[in-house]
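Here is what each chain is made of, one letter per residue.
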Amino acid sequence: FTAVDYDDMLCPNPILSVSHTVDTLFTCGPCILGAGINNLLGRHMQTEFEIGDVDVWQTERSREAGNVSKGNGGKSSIRPDDPRLLIPGRTVILEQNKNDMGAHRFTWADRHLIIAATDMPDYDDRPPTKEHYSKTHEKAGVYGMRKLYTDTKRANEEIRIVVEK
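Described in the following lines is the structure provided in the data block. (Residues numbered from 1 in each chain as written. Predicted model: local features only at pLDDT ≥ 70, side-chain atom pairs only at ≥ 80, totals over all residues. Heavy atoms only, no water.)

### A few points about the pairing of strand S5 (residues 113-118)
Two faces belong to every sheet, and in a regular strand the side chains alternate between them.
Item 1. Pairing between strand S4 (residues 103-108) and S5: 5 bridges, direction antiparallel. Across the sheet, Phe106 pairs through a bridge with Ala116, a residue of S5.
Item 2. In sequence, S4 turns back onto S5 through a hairpin of 4 residues, with His112 there showing a positive phi of about 50°. (Pairing = 2+ DSSP bridges. Helix = DSSP H or I, 4+ residues; strand = E, 2+ residues; numbered from the N terminus.)

Written out as structure tokens, the structure is:
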């Protein structure tokens, strides 16, 4: 993918300043994961997540509330093949702080519980032979055209992950 592909994915209303500033995170980081989850939930791919429990039916609840206020009965139909029906349990968005006492910490805010920490002071777990992915970012030009891929071979395949009951 290139920056042009990401802009196309985020249409019709991309926030270009975000997608171009953190373009590396759309290739190998949390931005593309968040965009994919938003797409599954029926939201714009750049919708922010709120810390805490994720309501996978938020779009339907909002639609139902609008239908009730318009006098349409408030009924919503969820297709039996809706992929959200396959999501087990609950999902919690953790609070993250990149400078929490010198580390990058992920906290379950409602429980005041540290779940994970990275970037510990004086600790580097990257092999010295590997270059950090952030070095692929370019200040000018189209991201993804140089320094990102090792070859120009393309499979032109769509990959889908299907979860069955």
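### Describing the sheet that holds S5
Item 1. One open sheet holds the 3 strands; their spatial order is S3-S4-S5, and the pairing between them is antiparallel. The open sheet has two free edges, formed respectively by strand S3 (95-100) and S5, since each of these has just one partner strand. The average angle at which neighbouring strand axes cross in this sheet is 25°, direction not considered.
Item 2. In this structure, S3 lies alongside S4, joined through 4 bridges in antiparallel fashion. Of the residues in S4, the one forming a bridge with Asn97 is Arg105. (Axes fitted to C-alpha atoms, helices over the stretch in contact; angles between N-to-C directions.)

### Section: the packing of aromatic side chains
Item 1. Scanning the entire structure with this criterion turns up 0 aromatic pairs.
Item 2. Residue placement shows Arg111 over the ring face of Trp108; its charged tip is 4.5 Å from the ring centre. (Phe/Tyr/Trp six-rings, centres within 6.5 Å; stacked < 30°, edge-to-face > 60°. Lys NZ or Arg CZ within 6 Å of the ring centre and 35° of its normal.)

### Regarding the pattern of salt bridges
Item 1. Applying the stated criterion to the full structure yields 2 salt bridges.
Item 2. With a closest N to O distance of 2.8 Å, Asp53 and Arg90 form a salt bridge. With Asp53 in strand S1 (residues 52-53) and Arg90 in the loop between helix H5 (58-69) and strand S2 (92-93), the pair connects residues that are 37 residues apart, well separated along the chain.
Item 3. Note on Asp53: relative accessible area 45%, which makes it partly exposed.
Item 4. A relative accessible area of 52% means that Arg90 is categorised as exposed. (Salt bridge = Lys/Arg side-chain N within 4 Å of Asp/Glu carboxyl O. Buried < 20%, exposed > 50% of the residue type's maximum accessible area, 1.4 Å probe, protein only.)

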